[in-house]
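Remarks on the overall topology
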Number of protein chains: 2
Amino acid sequence: MATTEAPAEPLSIGEVAERTGLSVHALRFYEREGMLVGPVQRTAGGRRRYTTVDVEWLLICVKLRESGMPLADLKHFAELVRHGPGNEAERLQLLDAHQQRVEAQIQALEECRSIIAWKVGIYAENLARGEAGGLWDPTG
Amino acid sequence: MATTEAPAEPLSIGEVAERTGLSVHALRFYEREGMLVGPVQRTAGGRRRYTTVDVEWLLICVKLRESGMPLADLKHFAELVRHGPGNEAERLQLLDAHQQRVEAQIQALEECRSIIAWKVGIYAENLARGEAGGLWDPTG
DNA sequence: CTACGAGCTAGAGCAGGGTCTAGATCAAGT
DNA sequence: ACTTGATCTAGACCCTGCTCTAGCTCGTAG
């Protein structure tokens, strides 16, 4: 993945916020909480300079969070990566467990979807044939 | 739906907790917060007695919550149902909006899933051929 | 030089969604 | 009658995951 990429200018926190969708607050928060793999570089004046690698990691974080990984797990994963080679099995296990949770959640959502679709169908149908139908039960 | 069902014994809060997966605390909380359509019946001694209809509504609540509907929306929906006929269009709109959020969420999860699957694949592969591979980049 | 926006830190605050506690009551078994 | 376990109410508390504030500094454009 880190093959043919130009080193590229490091980015400010605001720029990283833009491209990750995280707020600058969240970025600082993640850093404080140890969700990053390495320390972020700073300018002479103390401003953060994010490298491409940093941003890539953050993008992964965003995906993992979006798919429901708790910050604690994310932190754990970051720790494993930070401590370098030797714990790959554990990393794999963590990701794998998460993957299974994601699968399960997709399943659950699909089930919900079909229930909702069914309800929506009933409402639409009843509305279409003039809201007179007497079968508005208290179950919604 | 409420066609050929036996009236069945009303259930205690604990029994309802069991069959909905909600805690008794959550059940009382939902009730306080107005997430139920009608008031729950009580015994002479003040204990709650849930009817089949109550439980069905709760099961719907669980599904809606599972699929990410905020309590505020659920409450709104309950209010609409409580106020009986005349607001079906609004109920439909609410459900429909939720349905779209669910669709979007499924999409997002599927994207995450494939990213994770890809990472898992890389780890598995590298582990399989002896953890010596030198390409453990800091991106995880 | 000076302004003004972006960044900095530490820490307080907030929203959502319950969970837990205390102290009392109910109900069922022995 | 007594013990035990489930419920009751009101309200305090908790956890997660940020978000916001205050007061200060950087750095770039006029």
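For the structure, check the block above.
So, here is what we can say about the structure in this document. Per chain, residues are indexed from 1 in the order of the written sequence. Numbering of ligands from 1 and lettering of chains from A proceed in the order in which they are written. Confidence filtering applies because this is a predicted model: local features only for residues at pLDDT of at least 70, side-chain atom pairs given and counted only at 80 or more, and all residues used for totals across whole chains, interfaces and linings. Side-chain figures throughout are based on the complete set of non-hydrogen atoms in the structure, without hydrogens or water.

We now examine the protein's contact with DNA strand D. Definition of nearness: a residue and a molecule or strand are near each other if at least one heavy atom of the residue lies within 4 Å of the molecule or strand. By nearness alone, 19 residues border DNA strand D, and Arg65 of chain A together with Ser12, Arg28, Arg42 and Arg48 of chain B come closest of all. In DNA strand D, atoms within 4 Å of the protein come from the sugar-phosphate backbone in 68% of cases. One nitrogen or oxygen atom from the side chain of Arg48 of chain B is found 2.7 Å from a phosphate oxygen belonging to DNA strand D. The way it works is that DSSP assigns letters per residue, a run of H or I at least four long becomes a helix, a run of E at least two long becomes a strand, and they are numbered from the N terminus. With 3 residues, helix H2 (residues 24-32) of chain A is the largest single contributor of residues to the surface near DNA strand D. Considering only residue class, the surface near DNA strand D consists of 5 nonpolar, 7 polar and 7 charged. For the purposes of these results, a polar contact is taken to be a pair of N or O atoms within 3.5 Å, where, inside protein, one atom must be able to donate a hydrogen and its partner to accept one; residues adjacent in sequence count only when each atom of the pair is a side-chain atom. Residues were grouped as follows: Ala, Val, Leu, Ile, Met, Phe, Trp, Tyr, Cys and Pro as nonpolar; Asp, Glu, Lys and Arg as charged; and all remaining residues, including Gly, as polar.

Each turn of an α-helix holds 3.6 residues, which means side chains three or four residues apart point in the same direction. One less than the number of residues in a helix, times 1.5 Å, gives the span that helix is expected to have. Taking 1.5 Å per residue, 12 residues should reach 16 Å; helix H4 (residues 71-82) of chain A reaches 16 Å between its end C-alpha atoms and fits that length. Regarding H4 of chain A, the residues found buried are Leu74, Phe77, Ala78, Leu80 and Val81 of chain A. Down the axis of H4 of chain A, the buried side of the element spans an arc of 160 degrees, and every buried residue falls inside it. Tucked into the core, H4 of chain A has its buried residues touching helix H3 (52-66) and helix H5 (88-128) of chain A together with helix H5 (88-128) of chain B. Only protein chains enter the calculation, and the probe is 1.4 Å; a residue is then buried if its accessible area is under 20% of its type maximum, exposed if over 50%, and partly exposed in between. In this context, the arc is that of the directions from the helix axis out to the C-beta atoms. Here, residues are in contact when the closest pair of their heavy atoms is within 4.5 Å.

The next point concerns the relation of the copies chain A and chain B. Superposing chain A onto chain B requires a rotation of 179 degrees together with a translation of 0.0 Å along the rotation axis, leaving an RMSD of 0.3 Å. In the structure described here, the two chain copies are related by an operation that fits a two-fold rotation axis. The C-alpha atom lying nearest the rotation axis in chain A is that of Ile106 of chain A; the distance is 2.9 Å. Counting the interface residues of chain A, we find that 100% of their copies in chain B are interface residues as well, pointing to one common contact surface. The superposition of copies rests on a least-squares fit of C-alpha positions from residues with pLDDT of 70 or more in both.

Once their charged atoms are close, side chains differing in charge can pair, the charge on each being opposite to the other. In the sections that follow, a salt bridge refers to a side-chain nitrogen of Lys or Arg positioned within 4 Å of a carboxyl oxygen of Asp or Glu. One pass over the structure, following the stated rule, counts 14 salt bridges over all chains. The closest approach of N and O atoms between Arg113 of chain B and Glu103 of chain A, which form a salt bridge, is 2.9 Å. Separated into two different chains, Arg113 of chain B in helix H5 and Glu103 of chain A in helix H5 make up a pair that spans both. Residue class for Arg113 of chain B comes out partly exposed when judged on its relative accessible area of 25%. Relative accessible area serves as the criterion here: at 30%, Glu103 of chain A is assigned to the partly exposed category. The partner of Arg113 of chain A in a salt bridge is Glu110 of chain A, with the nearest N and O atoms 3.7 Å apart. A residue pair is termed a helical-turn pair when its members lie 3 or 4 positions apart in one helix, as Arg113 of chain A and Glu110 of chain A do in helix H5 at 3 residues.

Further remarks concern the interface of chain A and chain B. Think of interface size as the accessible area that goes away when the parts come together; that is how it is often given. Contacts between the two partners involve 45 residues from chain A and, on the opposite side, 46 residues from chain B. Summed over both partners, the accessible surface that disappears when two parts come together, traced with a 1.4 Å probe, is what is meant by buried area. Of the roughly 4200 Å² buried at the junction of chain A and chain B (both faces included), carbon and sulfur atoms supply 75%. For the chain A face of the interface with chain B, the top three residues by lost area are Leu109, Ile116 and Thr139 of chain A, together amounting to 14%. At the boundary of chain A with chain B, the tally comes to 4 salt bridges. Residue assignment for the side of chain A that touches chain B shows that the elements contributing at least two residues are H3, H4 and H5 of chain A.

The next subject is the protein's contact with DNA strand C. Residues in close proximity to DNA strand C total 20 residues, the closest being Arg28, Arg42 and Arg48 of chain A together with Ser23 and Arg65 of chain B. Atoms of DNA strand C within 4 Å of the protein: sugar and phosphate make up 72%, bases the balance. Take Arg47 of chain A: an N or O atom from its side chain is 3.3 Å from a base nitrogen of DNA strand C. One of the side-chain nitrogen or oxygen atoms of Tyr30 of chain B is found 3.0 Å away from a phosphate oxygen of DNA strand C. If you list the elements that add at least two residues to the surface near DNA strand C, you get helix H1 (13-20) and H2 of chain A together with helix H2 (24-32) of chain B.

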